[in-house]
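Summary of the model geometry
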Amino acid sequence: MSLKAINPANGTLIEEYSTLKADEMAKSIAAATAAQADWRRLSFAERAAVLRRVAEQLREHQVRLSELMTQEMGKPVKEAGPEVEKAAWCAEHYAEHAQAYLADQPIKSEASHSYVCYQPLGTVLGILPWNAPLWLAFRFLAPALMAGNTCVMKHDPHVPGCARAIAEMFSRAGAPENIMINLPIENDLIEQAIAHPGIAAVSFTGSDRTGAKVAAMAASLIKPAVLELGGSDPCVVLADADLETAADIATLSRIINAGQSCIAAKRIIVEAPVYEIFVQLVERRLTLLKVGNPASPETDVGPLALEDLRQNLHRQVEETIAAGARCLMGGQPDTGMGYFYPVTLLADVTPEMTAFREETFGPVMVLIKANDADHALLLANDTKYGLGASVWTTNPAQAQRFIRELQAGQVAVNGIVKTDPRLPSGGVKRSGYGRELGPQGIHEFVNAKQVWVK
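Owing to the predicted nature of the structure, the values given are computational and were not obtained by experimental measurement.

In this section: a nonpolar patch on the surface. There is a patch of nonpolar side chains on the surface, built from Ile403, Val411 and Val413 and spanning about 180 Å² of accessible area. Position of Val413 among the secondary structure elements: in strand β16 (residues 410-413).

The next thing to look at is the nonpolar core. One finds Phe138, Leu141, Val237, Ile268, Phe278 and Leu367 to be the most contacted residues of the largest nonpolar core, which totals 122 residues. Examining the composition of this core, we find that 11 residues originate from one element, helix α5 (residues 133-146), more than from any other. Both domains that furnish three or more residues to this core are identified here as domain 1 (2-229 + 431-453) and domain 2 (233-413).

Take the side chain of Asn7 next. Tracing the sequence through the fold places Asn7 in strand β1 (residues 2-7). For Asn7, a relative accessible area of 15% puts it in the buried group. For Asn7, the contacting residues outside a window of four places in its chain are Thr12, Ile14 and Gln71.

Summarising the element assignment, Ile6 is placed in strand β1. Given a relative accessible area of 26%, Ile6 falls into the partly exposed group. For the pair Ile6 and Leu306, spaced 300 residues apart in sequence, the C-alpha to C-alpha distance is 8.9 Å. With sequence-adjacent residues up to four places away left out, Ile6 is seen in contact with Gly11, Thr12, Leu13, Ile14, Gln71, Glu72 and Tyr339.

Calculation criteria
- Residues numbered from 1 in each chain as written.
- Predicted model: local features only at pLDDT ≥ 70, side-chain atom pairs only at ≥ 80, totals over all residues.
- Heavy atoms only, no water.
- Patch = residues over 30% accessible without salt bridge, like charges linked within 9 Å, V, L, I, M, F, W, Y side chains within 5 Å.
- Areas by Shrake-Rupley, 256 points an atom, 1.4 Å probe, with all protein chains shown as cover.
- Salt bridge = Lys/Arg side-chain N within 4 Å of Asp/Glu carboxyl O.
- Helix = DSSP H or I, 4+ residues; strand = E, 2+ residues; numbered from the N terminus.
- Core = buried A, V, L, I, M, F, W, Y, C linked by side-chain atoms within 4.5 Å.
- Buried < 20%, exposed > 50% of the residue type's maximum accessible area, 1.4 Å probe, protein only.
- Domains from an automatic or database assignment.
- Contact = heavy atoms within 4.5 Å.

These values are about where atoms sit, not about what they do.
So, in structure tokens, the structure goes:
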């Protein structure tokens, strides 16, 4: 068996990668488990030195890593370079802050001394998606490794070259052998990987459907899991908002990575008095975007990563239009080579329509009219997801109300929802549980051990 890397810009085969058989996979996991005993004994400073060297390798090989992402999943080159830099930043952030994040926590009791200390769990399995191959890998790897765990990375089968290159960065950095192992396996071996006695915990990023299966499997084995799943993030624009800036950011949030982002602004909910104005503002911005070859620095929107993703996106668009939405631009997939989908603007979308109810993973902006702020909040929370949300208003009291009442793992006020190594990220409802990044992220895969001394 092999993993086939396909160029989504033209549908051609890039390279085939050999996969591990079940017994080879088990040996790889066992090697990471064996390496953990020595890795956990290193000081924070010693582990930090390794992560900093890895960050140096990422920057040194930024061009090649960027090209791999562009080739394997169609990320525009103008976005790929910054993603490599962000991955390096994540490694350096945890190298600098892990010791403080995991410092002993004194708690008073009748003991002479009582406190909580934080110790690694063992070997963590990361199951990763294709849409941000470098960033999502280091979002998993950096905190888990700095906590003293070792990592087994099962990357998406559509980005095998990226996965191999990530492992290579650790080797080039002189990292201790087997503290991070790439696991090139078919998806049907994931359950066996989770069940391996050497795996102590699981981190999964992907769809809510697959996440439910991973969570059930991990729970049946009493192994903790962190799930970062899908999203249908609302971006609420109230009548008193700075409309020009809101239109800029809504367009960026919806279109970055060809719209293939869990935390993209997928439902733009606009208060009635400014709705038609806002429609015009975003339409003007969307028409300026260039769809094309992701290897060109002029390209804003590349292809979708997968053909079946494009087919599903078009189904969602067609069903939404058939239900009464206005299609102001796009809406018809390109017939040439590659998995391109045009930038599409759907207006007058209502809650019963497909594009409101389902997550749209592509360059499709959905506009929804709200009667007033109360109605906007109701529409924003009318989803099975709860990953990120944003609100645009110049009224501080209104902003505070939305912060309190939006059902989401993170809320941005007058800004873009994004991930940042310094701040926790995660969701509620069908968007998952647990947190990545920030101090909370590194605490997911440690044992909070109570210590009582008399």
